[in-house]
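Chain by chain, the residues:
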Amino acid sequence: MAFGWIDEQAELRRRAGLVRTLRPRAADAPLLDLASNDYLGLARHPEVAEGAARAARTWGGGATGSRLVTGTTELHTELERELADFCGFEAALVLSSGYAANLAAVTALAPHGSLIVSDAGNHASLIDGCRLARGRTQVVAHADPDAVRKALDGHGAAAVAVSDTVFSVDGDAAPLAALAEACREHGAGLVLDDAHGLGVLGDGGRGAPHAAGLAGAEDVVVTLTLSKSLGSQGGAVLGPARVVEHLVNTARTFIFDTGLAPAAAGAALSALRLLRREPGRAARAGAVARALHHRLTAAGLEAVRPDAAVVSVRAPSPEQAVRWAADCRAAGLSVGCFRPPSVPDGISRLRLTARADLSGAEIERAVQVIGDTRP
C-alpha cells in the first residue's frame, strides 16, 4: 500500500510520546501566553495592526510575484533600509520567512569546495541550510570557539561558521566576539541567526551582533525573523551590500519564492518604528526573563539562566513534559513544550517566553501554575 510506512512511523511516535497536534487558537483565548515568541508584546499592538491593515489597503493581499518580478514594493525597500540602519548594517534583504532567510544565507555563502562550521545547537533552518549548501559541513561542540578554530585549521579554501546568537531551546547566548575572532584568524566568514536576539539584546533591542560590536563588519552576515520581537512575519538577511547583491542573484529561496505579503511588511515596519520610540521594551523583556528564572528556581524547579527572553524548565521525560504543559493549559497558562527530536540533547523541557508586557502579577501567576502542576 502506498505510504504504508507512515502508519508504522505514527505508531513509533505514539509509543515514544512524541505525537504532535495542531491546536487552533481563538482570537479571544483567555490563556496567559508564555508560549509564543511575541517578546515585546507587539503582535496585537494597535500601531502594528494598523500598519498591516494600511499596507493591505494600499498594496493588496499579496505581493503578486517573486521579488525580482512584481513582488518588490516601495514598502519592502523601506523596511530593508530601516532594518539595516537600526541593526547597524550596510544593507538588508527581506524574505518570506526567517527559515527562508537562513536557507538563503547559508547556501549562497557556502559554494562547492567551501567548509561550513556549524554549532551543534543550531536551529533546524541553519541545519537545513548546511544540508542544501554545496560546501562540506562540520558540526562542532555547542558554543565552543576553540572547536570552531580547530575545524578551520588547515582548510585553505572559503569557509564560514554559522551559529544562532541566542539558542532557541535553552535561551543561552553564543560567545559572539570569540567566534568572530576564531573566524578572522582563518579568513572565514561568520553567519549569525539573530532571531531571538533582535528586540531583546543590544542598545534598544538592536540585536546580539550589535551588542557584541560586530554590526557592520565586512565578514559578518546576520539573519533574523520579523515574527518574534517585531510581531509580524517574514525574515531578512543583513550584511555588506555586496553580500546582499550576491544573495539577490544566487539565493534560491529569494529568487523563486513569492515576496513577503505587504501586510506583514507593513506590520514589521510599524513595530520597528515603535521599538525605536520605546527602546525600554527590550530591557523589560530581559527583566521579565530574569524574574521568571529567579522565581522558578526559588520554587525548586530546574530552570536554565536566561541570556535573552527564553526561559527553559527541565522536565523528567517527553510524556511528562506533554502532561505538564497540558495541565498548565488546563489551569489557564499556555507554555511551550520542547521534546526530541526538536532538542539536540534529548532533554524535554517547558519553554517559556518572557514578554515585555507581562505584569508582576502575571509572572507570579505563571510561576504558581507551573509549580502546582509539576510532575
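Preceding this paragraph is the structure being described.
Computed from a prediction, not measured in an experiment: that's the story for all the values here.

Student: How should the nonpolar core be read in this particular structure?
Tutor: The nonpolar side chains of a soluble globular protein tend to be buried, and buried together. Ranked by size, the top nonpolar core spans 90 residues in total, and within it Leu34, Leu83, Leu190, Leu296, Leu333 and Ile370 carry the most contacts. Beyond its immediate stretch of four places on either side in the chain, leucine 296 contacts Leu301, Ala303, Val311, Val313, Leu352, Val367 and Ile370. By size, the runner-up hydrophobic cluster in this structure holds 25 residues, among which are Ala91, Ala110, Val160 and Ile255.

Student: Looking at this structure, I do not really get the pairing of strand β10 (residues 310-314). What am I missing?
Tutor: Where a strand is regular, its side chains alternate between the two sheet faces. Most of β10 sits inside the fold, with four of its five residues counted as buried. Bridge count for strand β9 (residues 303-304) against β10 is two bridges, and the pairing is antiparallel. Residue pairing in the sheet places alanine 303 in a bridge with valine 313 of β10. Counted along the chain from β9 to the antiparallel partner β10, the turn is five residues long. As defined by bridge partners, β10 adjoins strand β12 (residues 349-353) across five bridges and the pair is classed as antiparallel. The residue of β12 that forms the bridge with arginine 314 is arginine 349.

Student: I keep staring at empty space enclosed by the protein and nothing clicks. Help me out?
Tutor: If a probe as big as a water molecule is rolled over the atoms, it shows which places are left empty. Going through the model one piece at a time under the given rule, you end up with three cavities of 30 Å³ or more. What the largest cavity holds in volume is close to 60 Å³. For the largest cavity, the full set of lining residues is Val117, Ser118, Asp119, Val140, Ala143, Asp144, Val148, Ala161, Val162, Ser163, Leu179 and Leu190. Listing elements by their share of the lining of the largest cavity, those giving two or more residues are β3 (115-119) and β5 (159-164). Residue composition of the lining of the largest cavity, grouped by class: eight nonpolar, two polar and two charged.

Student: Just checking my understanding: could you explain the side chain of serine 125 for this structure?
Tutor: Take serine 125: it is sitting in helix α5 (residues 124-132). For serine 125, a relative accessible area of 2% puts it in the buried group. A polar contact is formed between the side chain of serine 125 and the side chain of asparagine 102, at a distance of 2.8 Å. Filtering out sequence-adjacent residues up to four positions away, serine 125 remains in contact with Tyr99, Asn102, Leu103 and Asp193.

Student: Help me out: how do you make sense of the packing of helix α4 (residues 98-108) against helix α9 (residues 241-250) in this one?
Tutor: At a minimum axis distance of 10 Å, the contact between α4 and α9 shows a crossing angle of 100 degrees. The pairing of α4 with α9 is recorded here as roughly perpendicular in orientation. Residues Ala104, Ala105 and Ala108 of α4 form the contact with α9, whose participating residues are His246, Leu247 and Thr250. Taken together, the residues of the contact of α4 with α9 break down into four nonpolar, two polar and no charged.

Student: Sorry, what's going on with helix α13 (residues 318-330) here?
Tutor: What sets the pattern is the α-helix's 3.6 residues per turn: residues three or four places apart point alike. Given a rise of 1.5 Å per residue, 13 residues ought to cover 18 Å, and the 18 Å separating the end C-alpha atoms of α13 matches this to within 8%. In this structure, the buried side of α13 is in contact with α1 (4-16), β10, β11 (333-338), β12 and α14 (360-372). Following α13 by one or two positions, glycine 332 adopts a phi angle in the positive range, close to 95 degrees.

Student: Would you mind showing me how to read the pattern of salt bridges here?
Tutor: For side chains of opposite charge, pairing can occur when their charged atoms come near one another. A full pass over the atoms with the stated rule returns 22 salt bridges. Between glutamate 50 and arginine 57 there is a salt bridge, with its nearest N and O atoms 2.7 Å apart. On the accessibility criterion, arginine 57 (58% relative accessible area) is exposed. Between aspartate 85 and arginine 276 there is a salt bridge, with its nearest N and O atoms 2.6 Å apart. Residue aspartate 85 is located in helix α3 (residues 74-87), and its partner arginine 276 is located in helix α11 (residues 262-277); the two are separated by 191 residues in the primary sequence.

Each value, and the rule that gives it
Residues numbered from 1 in each chain as written. Predicted model: local features only at pLDDT ≥ 70, side-chain atom pairs only at ≥ 80, totals over all residues. Heavy atoms only, no water. Core = buried A, V, L, I, M, F, W, Y, C linked by side-chain atoms within 4.5 Å. Buried < 20%, exposed > 50% of the residue type's maximum accessible area, 1.4 Å probe, protein only. Contact = heavy atoms within 4.5 Å. Helix = DSSP H or I, 4+ residues; strand = E, 2+ residues; numbered from the N terminus. Pairing = 2+ DSSP bridges. 1 Å grid on protein atoms, 1.4 Å probe; cavity = no way out; pocket = protein on both sides within 12 Å on 5 of 7 lines; lining within 4 Å. Points joined across faces, edges and corners; volume = space filled by probe spheres on them. Nonpolar A, V, L, I, M, F, W, Y, C, P; charged D, E, K, R; others polar. Polar contact = N/O pair within 3.5 Å; in protein donor to acceptor, adjacent residues only side chain to side chain. Axes fitted to C-alpha atoms, helices over the stretch in contact; angles between N-to-C directions. Parallel < 35°, antiparallel > 145°, perpendicular 65-115°, else oblique. Expected span 1.5 Å × (residues − 1). Salt bridge = Lys/Arg side-chain N within 4 Å of Asp/Glu carboxyl O.

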